[in-house]
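What follows is each chain in one-letter form.
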Amino acid sequence: MSNVVDIRGASKSFVGVRALDNVSIDLAAGEIHALLGENGAGKSTLIKIITGVYVPDSGIMKLGGQEVSFRSPRDAINAGIAAVHQERNLVPAFGIAENICLDRLPVRHGLLDRAAILADAEVWMKTIGLKLDPATPVRQLSVAQLQLVEIAKALSLRSRVLLLDEPTASITPHEADRLFEVLRDLRSRGVAMLFVSHRLEEVLALCDRVTVLRDGRNTAIGQPIEGIGRRDLIRLMIGRDEETTVPPRSHASDGAVALELKGVATAAAHRDINLTLHRGEILGLYGLVGCGRSELAKAIIGAISVTAGEVSVGGRPARIRSVADALARYRIGYVSEDRKGEGIVLDQAIATNIAVTVWTRLARRWSRFLSRTREYAAVRPIAERLQIRAPSLAVLAGKLSGGNQQKVSVAKWLLAGTEILIMDEPTVGIDVNTKAALHRLIRELADDGKAILLISSDMPEIVAVADRMAVMNAFRIVGMVENTHSYQDMSAKIMHVIHGVADADAETAGSGRVA
Amino acid sequence: MTSIDAAPSRRRYLPAWATRPEIGLVVIIVLMIAIFSVTAPGFLSPFNTFAVARDLAVAIVLGYAMMVVLAVGGMNLAVGSIGVCVAMATAGLQAAGVPAILSVACGVAAGAALGGVNGVLVVRTGLSSFMITLATMSIYFGAMLLLSGAEAIRDLDPGFIYFGRARIAGVLPVMFLVAVVVAIALTYFYRATALGRQTLFTGANPKAAELSGVPVVRTVVLAHALSGLLAGVAAIMLTARTGAGVPSMAGQIGRDWLLPAFIAPVLGGSALAGGSVAIVGTFLGATLVAVLGSGLRMVNIGDFWIELFLGIILAIAVIADRARALWSSGDRGQ
Amino acid sequence: MKRARAIQLLRTGNAGLALILLVAIVALAIANPAFLTSFNLYVVLTSVALWTCVALAQMTTLSTGQMSLSVGSLGGLVAIVVGGLCELWGVPLPLAIAAGLAVGFAGGFLNGILIATTGINSFIITLATFSAFHGLTMGLTRAIPFYHMPASLKALGNARFGAVPLMLGIVLVVALVVDLIFQRTRIGRYMLAYGGNATSAVLSGLSTRKVVIFAHTMSGLLSAIAAILTVGRLQIAQPTIGEDWLIISFAAPIIGGASLTGGYVSVTGTLLALALLAVINDALVLLGVDPFWVQVVLGGLILAVVSVNRLREGRRLGEAIAR
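Residues numbered from 1 in each chain as written. Chains lettered and ligands numbered in written order. Predicted model: local features only at pLDDT ≥ 70, side-chain atom pairs only at ≥ 80, totals over all residues.

### A look at the sheet that holds strand β4 (residues 58–63) of chain A
Residue and element names in this part refer to chain A.
Right, so step 1: Read from one edge to the other, the open sheet built from 4 strands follows the order β2-β1-β4-β5, with strand pairing classed as antiparallel. Lying at the two open borders of the sheet, with one neighbouring strand each, are β2 (17–27) and β5 (66–68). On average, each strand axis in the sheet is inclined to that of its neighbour by 30 degrees, with strand direction left out of account.
Right, so step 2: Direction of pairing for strand β1 (residues 5–14) relative to β2: antiparallel, over a ladder of 7 bridges. Within β2, the residue paired with I7 across the bridge is I25.
Right, so step 3: Set on the sheet, helix α1 (residues 43–50) makes contact with β1 and β2; between it and β2 the angle comes to about 60 degrees. (Pairing = 2+ DSSP bridges. Helix = DSSP H or I, 4+ residues; strand = E, 2+ residues; numbered from the N terminus. Axes fitted to C-alpha atoms, helices over the stretch in contact; angles between N-to-C directions. Contact = placed C-beta atoms within 7 Å.)

### Regarding the interface of chain C and chain B
Right, so step 1: Taken residue by residue, the interface counts 39 residues in chain C and 38 residues in chain B.
Right, so step 2: Of all the secondary structure elements, the ones that give two or more residues to the side of chain C that touches chain B are α5 (93–118), α6 (122–141), α12 (245–255) and α14 (293–319) of chain C.
Right, so step 3: Considering each element in turn, the side of chain C that touches chain B owes the most residues, 13 residues, to α6(C).
Right, so step 4: The residue makeup of the side of chain C that touches chain B, split by class, is 23 nonpolar, 11 polar and 5 charged. (Nonpolar A, V, L, I, M, F, W, Y, C, P; charged D, E, K, R; others polar.)

### Describing the nonpolar core
Right, so step 1: One finds L454(A) and V61(B) to be the most contacted residues of the largest nonpolar core, which totals 389 residues.
Right, so step 2: Here the element with the most residues in this core is helix α10 (residues 216–242) of chain B; it accounts for 17 residues.
Right, so step 3: Excluding residues that lie within four positions of it along the chain, V61(B) makes contacts with A179(B), V182(B), L230(B), V233(B), A234(B) and M237(B). (Core = buried A, V, L, I, M, F, W, Y, C linked by C-beta atoms within 7 Å. Buried ≥ 20, exposed ≤ 12 C-beta atoms within 10 Å, placed from the backbone.)

### Some thoughts on the interface of chain A and chain C
Right, so step 1: Taken together, the contact pairs 24 residues of chain A with 21 residues of chain C.
Right, so step 2: Top contributing element to the side of chain A that touches chain C by residue count: helix α2 (residues 73–79) of chain A, with 3 residues.
Right, so step 3: Considering only residue class, the side of chain A that touches chain C consists of 15 nonpolar, 3 polar and 6 charged.

### Thoughts on the confidence of the model for chain B
Detailed conclusions should not be drawn from predicted coordinates in areas where pLDDT is low.
Right, so step 1: Looking at chain B, the pLDDT average stands at 89 and 92% of residues meet or exceed 70.
Right, so step 2: Within the model, pLDDT remains below 50 along residues 1–10 of chain B, and this stretch shows 18 contacts once partners closer than five positions in the same chain are excluded. (pLDDT = per-residue confidence, 0-100.)

### Observations regarding α10(B)
In an α-helix, one turn spans 3.6 residues, which is why side chains three or four residues apart end up on the same side.
Residue and element names in this part refer to chain B.
Right, so step 1: The terminal C-alpha atoms of α10, which comprises 27 residues, lie 39 Å apart, in line with the 39 Å expected from a rise of 1.5 Å per residue.
Right, so step 2: Of all 27 residues that make up α10, 23 are buried, and the element is covered over most of its length.
Right, so step 3: Looking at the residues trailing α10, positive phi occurs at G243, about 85 degrees. (Expected span 1.5 Å × (residues − 1).)

### A look at the pairing of β4(A)
Residue and element names in this part refer to chain A.
Right, so step 1: As defined by bridge partners, β1 adjoins β4 across 5 bridges and the pair is classed as antiparallel. Paired with I7 across the bridge in β4 is M61.
Right, so step 2: Looking at chain direction, β4 and β5 are connected through 3 bridges and run antiparallel. The residue bridging M61 from the neighbouring strand is V68, located in β5.
Right, so step 3: In sequence, β4 turns back onto β5 through a hairpin of 2 residues, with G64 there showing a positive phi of about 55 degrees.

### Focus: the environment of V279(C)
Residues and elements named next belong to chain C.
Right, so step 1: Note that V279 resides in helix α13 (residues 267–286).
Right, so step 2: Residue V279 is classed as buried on the basis of its 21 C-beta neighbours within 10 Å.
Right, so step 3: For the pair V279 and N32, spaced 247 residues apart in the sequence, the C-alpha separation amounts to 12 Å.
Right, so step 4: Dropping the residues within four chain positions of it, V279 is found in contact with L21, A24, I25, L28 and V44.

### Let's talk about the sheet that holds strand β16 (residues 306–313) of chain A
Residues and elements named next belong to chain A.
Right, so step 1: Taken together, the 4 strands give an open sheet; going across it, the order is β14-β13-β16-β17, and neighbouring strands pair in antiparallel fashion. Edge strands, defined here as strands with exactly one partner in the open sheet, are β14 (273–278) and β17 (316–317).
Right, so step 2: Inspection of the sheet shows strand β13 (residues 257–266) paired to β16 by 6 bridges, in the antiparallel sense. By the bridge assignment for β16, T266 is matched with V306.

### Digging into the environment of T193(B)
Right, so step 1: In this fold, T193(B) is placed in the loop between α7 (174–192) and α8 (194–204).
Right, so step 2: A count of 19 C-beta atoms within 10 Å places T193(B) in the partly exposed class.
Right, so step 3: T193(B) has contacts with A363(A), R368(A), L370(A) and Y188(B), leaving out every residue within four places of it along the chain.

### Structural notes on α13(C)
All names here are of chain C.
Right, so step 1: Between its first and last C-alpha, α13 extends 28 Å over 20 residues, near the 28 Å set by a 1.5 Å rise per residue.
Right, so step 2: Where burial is concerned, most of α13 is hidden: 14 out of the 20 residues are buried.
Right, so step 3: At the C-terminal side of α13, G288 shows a positive phi close to 70 degrees.

### Examining the packing of helix α9 (residues 186–196) of chain C against helix α11 (residues 208–234) of chain C
The angle between the axes and the distance between the axes are what describe a pair of packed helices.
All names here are of chain C.
Right, so step 1: Running from N to C, α9 and α11 cross one another at 105 degrees; their axes reach a closest spacing of 10 Å. The pairing of α9 with α11 is recorded here as roughly perpendicular in orientation. Judged by residue contacts, I187, Y190, M191 and Y194 of α9 engage T208, V211, F214 and A215 from α11.
Right, so step 2: Of the residues in the contact of α9 with α11, the class split is 7 nonpolar, 1 polar and no charged. (Parallel < 35°, antiparallel > 145°, perpendicular 65-115°, else oblique.)

In structure tokens form, the structure reads like this:
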């Protein structure tokens, strides 16, 4: 039986990092195939190769037995691969029907054939079970409805392959169930579906086979879901019994509270967040993609507003109005997970990127004069401590490898002398050596008495490095666990905390709560 | 000590420094001066040099007025309107007997205030500076018309008018020194002050700047205020040269100043999207335009055709810059 | 279903705008009954007629999320071409008009081609062509208008039936055609699709190049129509025609509900906005208010409308469409 999609040995590297290493996956008609993997495992790279955004460095991709090579997303669409991404690709002011038929608007006597558009769209809307007025502008629809429209649109392209990327990320469990019915129906009609998700219970309930990626490689290729349990999936995703890269800490925290959140709610839909961070402690914040961790970090640092509850720093109540405020008054820093978009400025020099937090301090009092010499003198020791590899500090940050860029992103907070540092997914897409170096750095900082909040969905990382862990799901803190530094132990504990709560959610169907 | 994956090096036909836009501008300017000095008698005369330098001074400062707001990633369509407001205010004060220096100080402050309003509106509403300054260019111009009754003010302080005529060594207008001082001040600002560095950082990536603790709001507002201030300075210089405050000096709602204000920074290599400034480049860009204009005038190509030329030059300059950007990043994979 | 549709229509911004317009008319009629005289209404409607195509020209580029600063100066160029052909070479009017339209077409096409092939943003490209066209216009005429326009052109610009200028009929037809293009033709929908979500449009196979070029070319044609009518109205071909078009070309579509980033435009809204602006303008005159208030009011209105739009958009965006 020839598969609808067959990828063998796909590899893709970006500057300094091997995102995919000899990865294979195959899709058969009439199946729902799960693609699993943690952040940074290579899932999104593989998806982008399938949808024509990236061209693989090596490997073969076959569609229906014939070798293909996509140069653009349009190529992929023309070849029959339709994707429903997390971002919506619909025209907001247009109606449902028009969005569905956008690539083939029928014309009669020079004018748009409205009747034909409606007829065309209704077929697909019925297939999906979307019972709405086809003329409704899509900007009035809910997220779940939008998703269904996108699926209808994808199907109307008569694609052989339907790729769904985190389809249940922003919809209620009730809407998710409806979606699954639709997918099962499509399966019976012979559509090949690639289902990308973090939610294991969904995968177990819905999918036929599973392919798992870890660190850019397959740990499972097209394995039938029968007989596989949740723990097996977790083990495939996060590995087992790996050597701890860092020994357990010798220094314990001295107990002083650096940062405390009580009953905090934010403009980003967080509710009732309680969190305590001590000096000299590394607190891990674990959660799945989209559960609100980065937003919480941004709320702490003042980029998102806190709407309720109390935030206190060093035991005293704090009103943090902006990031500049957080840095200057409370010495809080945030290393963004979006390294290239928020962590550093690619078009500026390394020295500029590092010194940005201390410019006002470096400038002389009266003349406001800020000399390059002083700037470089301040930056150099930090750059050396972090071993940032570059011919000079004047090199543009965009030219560095991912690992070095991350070091630059961290360096500016070190230079500013932050006492509380939030690090958001600091080692995603970074080479192993730099990863280890960053872990060591985090340890050192904590030993120095700094308070670190480590946000990560990399289980081995968080288990190795953190002292304690807070677990987040759906914009709430759902549990705190002490770290025993043993993988099987911790991964089971954490997953139980997350999925245990998620199961409870599913039981209260129609609760209407959107993640 | 390097593990940077640099782009594969292209075979260079020219050394790196020679491809900088400033060098190209200097070459073109020198060429033009050479050609015009031959084809247009009197081009290099002290009289003409003085006249050109005076207009050039205004154009340079106007170019800087746009450059400082491009730096932070925005634009200021209201430069002309703010300019004419300041001009009329300054002239009006002088006509009312206020000493020249005070009237200039007030005028400049007014320019900064009007620019500051733009900045605050941009930050508060989250709208693009294009939209905001499109609206304020009209509002400011209307306000000016209302207050001045659209009548020119000729009753200026004699000292002020003298400043407009003063020259050094018979050739160099004192006004030109003002432009040079502004250039030096801006260089200092962007290279060696925290606020200037923060401004460029914000222009390059506002989100990253905010998350790095840069006070983005303050930076944007101050950039717009600086733009208004410089537009005011340019207007004051022009008023001194003309000897009168003229409501139509920048055209209907100030639109006549849009081209000169943009063309200097663009020719000079300032990034339109923000993040970098070319102070010398802007200076040279304005010089190129002034030399070209003067030369064409002297060979009897009407004033009117010059605008056509400039439009074409602007188009060529942006296209060439775009081509250069694509060429240099073309081999950076993916 | 029909009832729901009707209710939806009522809820749209156009209804609000029409209401404001009505209120303004009534208020003005009460404040100064001279407003309702045939002559005065004729003046108001003439303003609307002259500005309609100007506003539609900018509205067209706004639909794709771009803009054209050269709407006015292209108009000026067309005006002197038509004027020059008539006066200097005695070209018959229909031919001269055709030539004018061709110039508008060419100018718009130039903008479109430059933007589409270089990928440079429309602001700077049209800033350059704005200067070029204006310079060309001034250079060719040395700022001297053409004074001897054919009688038929003058009649076109000044004929009226009571309070209704002939021009109004013409521009309403043009407006209808433009509306038809945006509502019922493929290229029109593509322009809006591109403005609404460029990624989606490109993924649906639409050619960015075609859309951009068409939009700017159409805009150029509309500028040309406005220019020709203006020449007729003024009875001379002035090279300064178009110099005051910039603000109104943006104000009317925006007040009429057009989205700043593209994807939604409203011909009806634009027309209502023009009517409102014309009434306001007239009010200033009739009430003896300093006419220089017009600039302030225009700017203030733009600011108010975009700020309100922004608030509305912000709320809606938070609900469904992400990013």
